[in-house]
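Single-letter residue listing:
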Amino acid sequence: MQSNKINEHASDLRPSWRWLMTALIVLGLVLSLILSWRHMAGRSMLGCGGGSSCEQVLNSRWSTLAGVPVSGLAAGAYLAMLVTSFFLATTTESSLRHLAWQVMLVLVGATVGSALWFAFVQKQWIGAFCPYCMAAHGTGLVLATLVMGLAVRGYAGLRLRQIMGMSWVGVALAGILALGQILITPPALYLDGDAQESVAVADNDAVPFIGPADANIMVTLLFDYQCPHCQQMHFMLHEVVRRYQGALAFVLCPSPLNGECNPYIPKDVDQYQDSCEMVRIGLTVWRANPEAFEEFELFMFTYDSGDRWQPRTLEVAQARAIELIGQEAFDRYGADPWIETYMHRCIEIYGKTIQGGQGGVPKLVYDTRWVIPEVYSADDLVAILQDSLGVPGSLTP
């Protein structure tokens, strides 16, 4: 009697459900292919301007597995679903149809596991969300809900324990992918390139820097005061300077990710709406008192509480600057034309180091070489300096 009930449900599978299933699969496949193309072509996505949440995720070290874009793996899964869906029709021979449902359940289980994993990564480690990625994940979750619902109602001709078993096999496969990303240390370098000419800042003696003033190796650092990855890297700079035993210094070159002052930003991001003014405030402190600037930098990149850094507001940054140098000096040096000149020089360097429409910070520049890193340790940063930028010098442990 149970078998007859299952067969009755199976023969009742409406074409509308299959059309909806196919539409969701095709949508997930298209989104995954677009993201894969973007990775291989080195292009930026529509609406993913420099420093946007979208760009942070797509340039993240978690966007690949052993050099392969995870969107490519997703495209392969959706393609397998599309092929499998052709065998779910009631006209398909019973044993083959049951096998197709089992395969589909494994695939949607893997989709659910992957969606949960990458949502966790974006929230916990990257600190930003990509709308394209979340759309793909959302599509997968809706598809999985549809497939599981149909299977539980009896359309798959499988018992509940078989349905749950196949789904958990898929989740386990997603777990293997997650474990692989954790164990196979992703590269700390996402994008690099070579400018046609040296893009070092001229007259290093008159600009803000971290390290000894007489260092013979000057690496330019492009950054934004509201950029999370810049904050993470900021506290590694002093350790790297120490390891180079006084031979290296970082020239601090603020490059606001805001189209108000940076013409290379294709679309403004709310997160960086105050970036231009933040830079002006920081450079005002530098011109007024270079020693106070170091304390201002520490204040801007240190978080007071919680487990995640939050950028300072414009009002808080300005109040701290005035506290450090005084209102009179803030007003007087804030009108110094050098501030706009230096900021636009840094923006010019940013523009010369855009590749395939992709910008972003933090960015390290040495002579004609440049890299966009996402580093989690001073060891990562040293490796990038030596292997990607070709920075010479002996190190101390």
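For the structure, see preceding data.
Being a predicted model, the structure only gives us computed values, none of them experimental.

Colleague: In this structure, what is going on with the pattern of salt bridges? I would like to understand it.
Modeller: It is possible for side chains of opposite charge to pair when their charged atoms get near one another. Summed over all chains, the structure comprises eleven salt bridges. A salt bridge links Asp379 to Arg243, with the shortest nitrogen-to-oxygen separation between them at 2.6 Å. On the criterion of sequence distance, the pair formed by Asp379 in helix α15 (residues 378–387) and Arg243 in helix α9 (residues 237–243) is long-range, its members being 136 residues apart. Across the salt bridge formed by Glu295 and Arg320, the nearest N and O atoms sit 2.7 Å from each other. On the criterion of sequence distance, the pair formed by Glu295 in helix α11 (residues 290–301) and Arg320 in helix α12 (residues 314–325) is long-range, its members being 25 residues apart. By relative accessible area, Glu295 is classed as partly exposed at 40%. Put simply, Glu239, Arg242, Arg243 and Asp379 are held in one network by salt bridges that share partners.

Colleague: I would appreciate a short explanation of the layout of surface pockets in the present structure.
Modeller: Where empty space is left in the structure can be found by rolling a water-sized probe over the atoms. In this structure, the largest pocket occupies an estimated 650 Å³ of space. Together, 33 residues line the largest pocket, and Val70, Ser71, Ala74, Ser114 and Phe118 are the ones closest to its centre. Among the secondary structure elements, those contributing two or more residues to the lining of the largest pocket are α2 (15–41), α3 (53–58), α4 (70–85), α5 (94–126), α6 (131–152) and α7 (160–183). By residue number, the principal contributor to the lining of the largest pocket is α5, which donates ten residues.

The rules behind the values
- Every chain is numbered independently, its residues counted from 1 as its sequence is written.
- This being a predicted model, a pLDDT of at least 70 is required before a residue's local features are given, and a value of 80 or more before pairs of side-chain atoms are given or counted; all residues contribute to the totals for chains, interfaces and linings.
- Excluding hydrogens and water, the side-chain values take into account all heavy atoms of the structure.
- We define a salt bridge as a side-chain nitrogen of Lys or Arg found within 4 Å of a carboxyl oxygen belonging to Asp or Glu.
- Under the scheme used here, helices are H or I runs from DSSP no shorter than 4 residues and strands are E runs no shorter than 2 residues, and both carry numbers assigned from the N terminus.
- Relative accessibility thresholds used throughout: buried, under 20% of the residue-type maximum; exposed, over 50%; partly exposed, between the two (1.4 Å probe, protein chains only).
- In the cavity and pocket records, a cavity denotes points on a 1 Å grid over the protein atoms alone where a 1.4 Å probe fits but cannot get out, a pocket denotes an open set with protein on both sides within 12 Å along at least 5 of 7 lines, and lining residues are residues with an atom within 4 Å of a point.
- Grid points are joined across faces, edges and corners, and a volume is the space filled by probe spheres set on the points.

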